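A structural walkthrough
This is what each chain is made of:
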Amino acid sequence: MDILIHRDELVRALARAQGIAEKRSTSPVLSAVLLSASGESLRATATDKAITLIADYAATVKEPGEVAVDAGNFFQVAKVLSGDIVTLKLIDGGKLEVRSGASVFKLNTYPAGEFPVTPALDQSRSMTIDASALRRVIDRVHFSVAGDDNRYGLNGAHVEDTSTTDGAVVRFVGTDGNRLSWAQAPYHGELGIGRKMLVPRKGLGEVRKLLEGYDGPVGMAFGERAALVQYPGVLVHVRLLEADFPDYRQVLPASFKRKAVLERDAFREALRRVSILASDASRSVKFQFSPEGLVLSARKLDSGESRDEVAVDFAGEPIAVGFNAQFVSDVLAVLEGPRVSVELGDALSPCVVRDMDDDSALFVVMPVRLD
């Protein structure tokens, strides 16, 4: 293998690859990126067995070939290269020679044949969704998915078809038991995911990072136990989780007794200030709703107290309820409209948060008991 590649292109390839590669595996080759040079491109493949990334980058290929090299180590090298053009050459002894400007590195490698093979996926049932719409859906759901891998049925996002006569719509749903969010977007084609298949939290996050900066159609295909996400030059293979997602519709309040409409930015900033003195354990903040406004307050025993007010358009009887400040802040961070609504029942009932200008997402936050 002997190629020339622009340093920025190499750094981009390795940044993506080292984010996927397994860092603490008993199999050292899983920490590597497989570099395959042919035609007019360098293909970089990285995997942790659950997620596989295959991406192509522009390069001048003098001699085709392939080799595997530690992704994290190579990324650190690539970031400090001073020249604009990098030469990658496989030399005698199986080392990868990296030249740029006056710098020369010789990196240890693994035989390409030891790198895991990506399983094939039937793409006969596939869908197309706009990249910006998919980014928005993932942003609004990812934070609600349980981070604990052992939480059966909650450690992945549920995907379902919610199409109407107006067109095909796909919905992603996530919950960790304390909060829930769903977001949806139009698509074309066929959604073929199995009923008991979930998209893992890490897979969602990696797909979201790879979509950054790309605007255009994204193809998605779901097999029996895997999903494929692809757009020009990038392909991501994600192993799905087999689990029964809870019937999330049962926790969606059918009605509400109180409704508050607030300016999103003012609400978010006031909550950010008050939560500085929220208790470390539950991040509990007291929300006092009334026609006069929303009063936010918090107390940390060894630090002090905080209080702030936000103007509100409120309908219903006054109520005091506690919420985890981080859970509410996460919702406000992904909403885009200037106004949000908060629908409330009783002090121990879940609340529903919506963007007043966008009905493509919904958020549920469970209350916490006030001390």
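Our structure is the block above this text.
Fair warning: this is a prediction, and the values are worked out from it, not measured in the lab. (Residues numbered from 1 in each chain as written. Predicted model: local features only at pLDDT ≥ 70, side-chain atom pairs only at ≥ 80, totals over all residues. Heavy atoms only, no water.)

Let us now look at the pairing of strand S21 (residues 258-263). The sheet contact formed by S21 and strand S27 (residues 339-344) spans six bridges and is antiparallel. Bridging from a neighbouring strand, glutamate 263 pairs with arginine 339 of S27. Looking at chain direction, S21 and strand S25 (residues 313-315) are connected through three bridges and run antiparallel. Paired with valine 261 across the strands is aspartate 313, a residue of S25. (Pairing = 2+ DSSP bridges. Helix = DSSP H or I, 4+ residues; strand = E, 2+ residues; numbered from the N terminus.)

This paragraph deals with the nonpolar core. Within the largest apolar cluster, 105 residues are counted, with the highest numbers of intra-cluster contacts made by Phe74, Leu88, Ile129, Phe172, Phe287 and Phe289. Apart from residues no more than four positions distant in its own chain, phenylalanine 289 is found in contact with Ala260, Leu294, Phe314, Pro318, Ile319, Val321, Val342 and Leu344. Val173, Leu198, Ala243 and Val364 belong to the second largest nonpolar core, which has 10 residues in total. (Core = buried A, V, L, I, M, F, W, Y, C linked by side-chain atoms within 4.5 Å. Buried < 20%, exposed > 50% of the residue type's maximum accessible area, 1.4 Å probe, protein only. Contact = heavy atoms within 4.5 Å.)

Here 10 strands make up an open sheet; going across it, the order is S20-S16-S12-S13-S14-S29-S28-S27-S21-S25 and the pairing antiparallel. Edge positions in the sheet fall to strand S20 (241-242) and S25, since each has one partner strand and no second. Docked against the sheet, helix H4 (residues 201-211) engages strand S12 (156-161), strand S13 (169-175) and strand S16 (197-200), running at close to 55° with respect to S16. (Axes fitted to C-alpha atoms, helices over the stretch in contact; angles between N-to-C directions.)

We now examine the pattern of salt bridges. In total, this model carries 23 salt bridges according to the counting rule given. As a salt-bridge pair, lysine 257 and aspartate 346 come within 2.9 Å of each other at their nearest N and O atoms. Of this pair, lysine 257 sits in the loop between S20 and S21 while aspartate 346 sits in the loop between S27 and strand S28 (351-355), and the two are 89 residues apart along the sequence. Owing to a relative accessible area of 54%, lysine 257 belongs among the exposed residues under this scheme. Among the charged side chains, a network of salt bridges with common partners joins Asp139, Arg208 and Glu212. (Salt bridge = Lys/Arg side-chain N within 4 Å of Asp/Glu carboxyl O.)

A few words now on the side chain of serine 31. Within the secondary structure, serine 31 is located in the loop between helix H1 (7-20) and strand S2 (32-38). Here serine 31 falls in the buried class, since its relative accessible area comes to 15%. Of note is the side chain of serine 31, whose polar atom sits 3.3 Å from the side chain of aspartate 70. (Polar contact = N/O pair within 3.5 Å; in protein donor to acceptor, adjacent residues only side chain to side chain.)

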